[in-house]
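# Geometric and topological summary
This is what each chain is made of:
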Amino acid sequence: MTPSALKEWDTQCQALTSGETALLIRKGGIMETHAGFEVEHREFLLYPTFLHQNPAELRPDFLPLLRDDPQPGRLVLPALAEVVAVHKVESLEQALALEPYQTLTAGAIERRFHYRGRPWVHALLLRVRPLREPLVLTETPEMLGCVSWVPLPDVAPEAGTPVLDEAELARLRAGVEAAVSR
């Protein structure tokens, strides 16, 4: 199996891996296809990136997680994520109602919603399982750039138990579904 990784701000990867959140709001990188971000994989590794990480777009309670890249040129993949639910949110009101469930400010959600003049975002609810040993790779030129999905070399990481139990994940799923059904 050749696994893929999803690039996301380091702060968001930390919040997901610690169980502080289980939701990502995605639009896509500047090098994505014209259609933008698509959920190409239902299971993937989290790829923490420090590129474009913007403290002004993070809710204040997540600012303590901000840090500089501890190992430039090294990629430390912390967790395996499985998509539990995905919603293409085409209402700004619904997108903004997701703010309490993830790390971004309302302004950041709105900016992503309107990015490239296409009003929508994807909301991904994830079951996250930290790796028993973080996977450490050397970043290659093929991994760089503003893309969401990165194919990885043939690796077989071992994931532990989910950071959120199924009851908590079900509670979050119900809240997210209520927000996107407004």
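In case you missed it, the structure is sitting above this.
The sections below set out a description of the structure shown in this document. Here the structure is a predicted model, which is why all the values come from computation and not from measurement.

Let us now look at the overall build of the protein. Secondary structure assignment for the protein yields 4 helices and 6 strands. For the protein, the N- to C-terminal ordering of α and β elements is β-α-β-β-β-α-α-β-β-α. Over its C-alpha trace the protein gives a radius of gyration of 15 Å, about what one expects of a compact globule, namely 16 Å for 182 residues. Considered along the principal axes of its C-alpha atoms, the protein spans approximately 45 × 35 × 35 Å. The long-range fraction of contacts in the protein, counting pairs at least 24 apart against all pairs at least 6 apart in sequence, stands at 86%. If you sum the accessible surface of the protein, you get close to 8700 Å²; carbon and sulfur atoms cover 54% of it. Of the charged side chains in the protein, 18 are positive and 25 negative, and the gap between their average positions amounts to 3 Å.

What follows deals with the sheet that holds strand E3 (residues 43–49). With mixed pairing, the 6 strands of this open sheet are ordered in space as E2-E5-E4-E3-E1-E6. Each edge of the open sheet carries a strand with a single partner, namely strand E2 (23–26) and strand E6 (149–151). Taking the axes of each pair of neighbouring strands and ignoring which way they run, one obtains an average angle of 45° across the sheet. Sheet strands in contact with helix H4 (residues 166–180) are E2, strand E4 (74–89) and strand E5 (121–138), and its direction is about 50° off that of E4.

On to the layout of surface pockets, then. One number sums up the size of the second largest pocket: a volume of about 340 Å³. Forming the walls of the second largest pocket are 22 residues, and the residues nearest its centre are Pro48, Thr49, Phe50, Asp69 and Arg74. Secondary-structure elements contributing two or more residues to the lining of the second largest pocket are helix H1 (10–18), E3 and E4. When residues in the lining of the second largest pocket are grouped by element, the largest group, 4 residues, is from E4. For the lining of the second largest pocket, the class distribution of residues is 11 nonpolar, 5 polar and 6 charged.

Among the secondary structure elements, Leu164 is positioned in the loop between E6 and H4. Residue Leu164 is classed as buried on the basis of its relative accessible area of 12%. For the pair formed by Leu164 and Pro134, sequence separation is 30 residues and the distance between their alpha carbons is 19 Å. In contact with Leu164, other than residues within four places in its own chain, are Gly19, Ala22, Leu169 and Leu172.

Quick notes on the rules
Residues numbered from 1 in each chain as written. Predicted model: local features only at pLDDT ≥ 70, side-chain atom pairs only at ≥ 80, totals over all residues. Heavy atoms only, no water. Helix = DSSP H or I, 4+ residues; strand = E, 2+ residues; numbered from the N terminus. Rg over C-alpha atoms; globule rule 2.2 N^0.38 Å. Contact = heavy atoms within 4.5 Å. Areas by Shrake-Rupley, 256 points an atom, 1.4 Å probe, with all protein chains shown as cover. Lys, Arg positive; Asp, Glu negative; His and termini not counted. Charge placed at Lys NZ, Arg CZ, Asp CG, Glu CD. Pairing = 2+ DSSP bridges. Axes fitted to C-alpha atoms, helices over the stretch in contact; angles between N-to-C directions. 1 Å grid on protein atoms, 1.4 Å probe; cavity = no way out; pocket = protein on both sides within 12 Å on 5 of 7 lines; lining within 4 Å. Points joined across faces, edges and corners; volume = space filled by probe spheres on them. Nonpolar A, V, L, I, M, F, W, Y, C, P; charged D, E, K, R; others polar. Buried < 20%, exposed > 50% of the residue type's maximum accessible area, 1.4 Å probe, protein only.

Nothing here speaks to function; it is all geometry.
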